[in-house]
Amino acid sequence: MAPADLHFVMMPLMAQGHVLPMVDLARLIAGHGARVTLVLTPVNAARNRTVLENVARAGLAVDVAEIPFPGNAVGLPEGFESLDMVTDISLGIRFYQAWDLLAEPLEAYLRSLPRRPDCLVADACGSWTAGVTRRLGVPRLILPVTSAFHLLATHNLITHGTYDRAADDFEPFEVPDFPVRVVVNRAASLGLPHMEKHQREMIEAVATADGVFINTCTDLEGVFVERYAEAISRKVWAVGPLCLFNTAAAGTMADRENRAAMDAERIVSWLDARPPASVLYVNFGSMARLFPLQVAELAAGLEASRRPFIWVVKETETAGIDAEFEARVKDRGQIICGWAPQMTILSHPSVGGFLTHCGWNSVVEAVSHGLPLLTWPHFHDQFLIETLVVDVLGVGVRVGVKVPTTHIGLVKPGQLLEVQVGRDHVERAVAEVMDEGPAGAARRARVKEHADKVRATAEGGSRDTNVENMIGHVIELVCKSKKKMDDADGKIPVA
Ligand code: UDP
């Protein structure tokens, strides 16, 4: 059996931060000769049409299979098919209910194929994919879209019972059996109140998987990848940075996911007119939103910093920006309301720093482009990723957020802490991350060194070896299961 005989089906969670790395992984696997089908719901398929057309033009065998999103069944509005559309907790709960209902249509799709697929690559959110692949006798690999640092930390915190012993959400404790000393609390390490259940489900999903991909590489997280593989007793392949696969191909940088609210060409010519490494890029990813009062503080801090910036704001955040702000900063500030071509911006030499929510994709993308980070975590894995960025890799500066967005108000009952980061903090932190003095230069040198090593991994380096090893492992599993099953004609067994 050769790689070209393999058919991988990939099932991402419907959210940009999950679909984008899955699309990149699909391209990477297809680049090694296998055939790949991405399963997407109609809205997500439409969002990714341009990038997937470019993939096809590049001669890679990546198809899309559309299955309907069962949002109606749980009372979600028509077209509500992605986590970035979630603006309150009840919509979030219903979104995940609908996501769980995808087990049936996914299984029906897999059964409808003329030949049983050889492997399902599933998002780590969704332990239900285990049941689907077990019934079909198909190997299942997992892509959790976070760092090895976060995976190992939460795995250890849960399996060592640390959360069970914590008096409350803010009692500090050390992450047990961890390669470096990290002190966290429940709130910051889980990042959302209901996340403990989610993390337990992820551990379950991984425990029965045939292997795990991580969008990382040895330079960034070697020791954490190794220790995580040991902890879960599973094969783990570091296949990052996924964002760097075939970036020269048409549209790979600019046409990722949604239609950008401002054309990449316009942004590039604005950046071209700025000195090297002078611009701060501000974007909190696809989901995180600031409260209007906090938006106002950020705006004032950016204005006071006197640095050029590109600030990507969400519709709901615009209420926090006063009417004259844009006019006052028009010589040096570019506001993009909606989706930005992030990879295009990060790869431009005029960009010198990135104020980020610490979503793992954004961090990997920034480090791959040698950019120091100003960290402003909001929830979920973002606080632990901040620790990795600032304390372990030494490539970031904290803006000073202490509490996940969802815990605001819980620190001191009755005290409303909507504004965690005042304008002065923003101003000081921007000056620090963009600093041209010795400390800033040392940070910049460190992140450039990481960028060089990370790029070497991606360009004909260990990433390709890891993908080849993964393909070898899948071939072995397929051959073993072929022996076991009465499927000489390739038919899927009836459940
Ligand atoms: N992204 C983008 N434009 C935007 C916002 C996000 O291209 O305006 C991309 C970004 O490059 C990254 C992904 O969306 O690949 C966001 O993933 P991340 O893990 O950083 O954060 P999440 O959105 O999952 O919180």
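Criteria and thresholds
- Residues numbered from 1 in each chain as written.
- Predicted model: local features only at pLDDT ≥ 70, side-chain atom pairs only at ≥ 80, totals over all residues.
- UniProt positions renumbered as here; feature names shortened; annotations may be inferred.
- Helix = DSSP H or I, 4+ residues; strand = E, 2+ residues; numbered from the N terminus.
- Rg over C-alpha atoms; globule rule 2.2 N^0.38 Å.
- Contact = placed C-beta atoms within 7 Å.
- Near = placed C-beta within 6 Å.
- Nonpolar A, V, L, I, M, F, W, Y, C, P; charged D, E, K, R; others polar.
- Axes fitted to C-alpha atoms, helices over the stretch in contact; angles between N-to-C directions.
- Parallel < 35°, antiparallel > 145°, perpendicular 65-115°, else oblique.
- Left-handed = near helix turned anticlockwise from the far one by under 90°.
- Buried ≥ 20, exposed ≤ 12 C-beta atoms within 10 Å, placed from the backbone.
- Domains from an automatic or database assignment.
- Pairing = 2+ DSSP bridges.
- Right-handed = clockwise from strand over helix to strand, strands pointing away.
- Expected span 1.5 Å × (residues − 1).
- Arc of directions from axis to C-beta.

Under an unreviewed UniProt entry, the name given to the protein is Glycosyltransferase, and the organism recorded is Panicum hallii var. hallii. UniProt lists a comment for the protein under the heading Sequence similarities (unreviewed entry), and it reads "Belongs to the UDP-glycosyltransferase family."

A. Spotlight on the overall build of the protein. Within the protein, the secondary structure is distributed over 20 helices and 15 strands. Its C-alpha atoms give the protein a radius of gyration of 22 Å, near enough to 23 Å, the size a compact globule of 495 residues would have. If one aligns the C-alpha atoms of the protein with their principal axes, the spans along those axes are about 70 × 55 × 45 Å. Of the contacts formed within the protein by residues at least 6 apart in sequence, a portion of 74% connects residues at least 24 apart.

B. Structural context of the site of the ligand. Around the ligand, 19 residues are found, and the nearest of them are Gly17, Gly285, Ser286, Gly359 and Ser362. Sorting the residues of the shell around the ligand by element identifies helix H1 (16–31), helix H15 (342–346) and helix H16 (360–368) as the ones contributing at least two each. When residues in the shell around the ligand are grouped by element, the largest group, four residues, is from H16. A breakdown of the residues in the shell around the ligand according to their chemical character gives eight nonpolar, nine polar and two charged.

C. Representation of the packing of helix H5 (residues 103–112) against helix H6 (residues 129–136). Orientation of H5 relative to H6, taken along the N-to-C sense of each, is 30 degrees, at an axis distance of 10 Å. Accordingly, the angle class assigned to the pair H5 and H6 is roughly parallel. Crossing of H5 against H6: the hand is right-handed. For the pair formed by H5 and H6, the contact residues are Ala103, Leu106, Glu107 and Leu110 on the first element and Gly131, Val132, Arg135 and Leu136 on the second. Classifying every residue of the contact of H5 with H6 by side-chain character gives five nonpolar, one polar and two charged.

D. Expanded view of the environment of Val433. You can see Val433 is positioned in helix H18 (residues 423–434). Residue Val433 is classed as buried on the basis of its C-beta count, with 26 C-beta atoms lying within 10 Å. A C-alpha to C-alpha distance of 16 Å links Val433 and Val401, two positions 32 residues apart in sequence. The residues touching Val433, leaving out its near neighbours within four places in the chain, are Gly353, Pro372, Leu374 and Val397.

E. Seen up close, the domain arrangement of the protein. Each domain of the protein was delimited in the assignment, giving domain 1 (3–253 + 457–488) and domain 2 (261–455). Looking at the side of domain 1 that touches domain 2, the elements that each hand over two or more residues are H1, helix H7 (148–159), helix H9 (186–190), helix H11 (218–232) and helix H19 (438–458). For the side of domain 1 that touches domain 2, the element with the highest residue contribution is H1, accounting for four residues. Looking at side-chain class alone, the side of domain 1 that touches domain 2 contains 22 nonpolar, eleven polar and four charged residues.

F. Spatial organisation of the pairing of strand E11 (residues 309–313). By the criterion of burial, E11 is predominantly enclosed, with five of the five residues buried. Burial of E11 is two-sided: the residues Phe309, Trp311 and Val313 facing one way and the residues Ile310 and Val312 facing the other way are all buried. Where strand E10 (residues 279–283) meets E11, three bridges bridge the pair, whose relative direction is parallel. Looking across to E11, one finds that Val282 is bridged to Trp311. Remark: the E10/helix H13 (residues 292–305)/E11 crossover connection has right-handed handedness. Where E11 and strand E12 (residues 333–337) come together, five bridges link them in parallel fashion.

G. The arrangement of the packing of H13 against H18 in detail. At a closest axis distance of 7 Å, the pairing of H13 and H18 adopts a crossing angle of 45 degrees. Classified by the angle their axes make, H13 and H18 are oblique. Handedness of the H13/H18 crossing: right-handed. Of H18, the residues touching H13 (which contributes Glu297, Leu298, Ala300, Gly301, Leu302, Ala304 and Ser305) are Arg423, His425, Val426, Glu427, Val430 and Ala431. In terms of residue class, the contact of H13 with H18 is built from seven nonpolar, three polar and three charged.

H. The environment of His150, seen in detail. Structurally, His150 can be placed in helix H7. Residue classification places His150 among the buried residues on the basis of 25 C-beta atoms within 10 Å. Linking His150 and Pro105, residues 45 residues apart in sequence, is a C-alpha distance of 31 Å. Leave out the neighbours within four places in its chain, and His150 touches Asp381, Leu384 and Ile385.

I. Structural detail: helix H4 (residues 89–100). Along its twelve residues, H4 runs 17 Å from first to last C-alpha, staying within 8% of the 16 Å computed at 1.5 Å per residue. Within H4, burial applies to Phe95, Ala98 and Trp99. Mapping the buried residues of H4 onto a view down its axis gives an arc of 100 degrees, with all of them on the same face. In H4, the exposed residues that point more than 90 degrees away from the buried face are Ile89 and Ser90.

J. Just the sheet that holds E11, in detail. Spatially, E12-E11-E10-E13-E14-E15 is the arrangement adopted by the six strands of the open sheet, whose pairing is parallel. Single-partner strands in this sheet number two, and they are E12 and strand E15 (396–398). Averaged over all pairs of adjacent strands, the angle between their axes in this sheet comes to 20 degrees, without regard to strand direction. Two strands pair when backbone bridges link them, and E10 and strand E13 (residues 351–356) are joined in this way by five bridges, in the parallel orientation. Counted as the bridge partner of Asn283 is Thr356 from E13.

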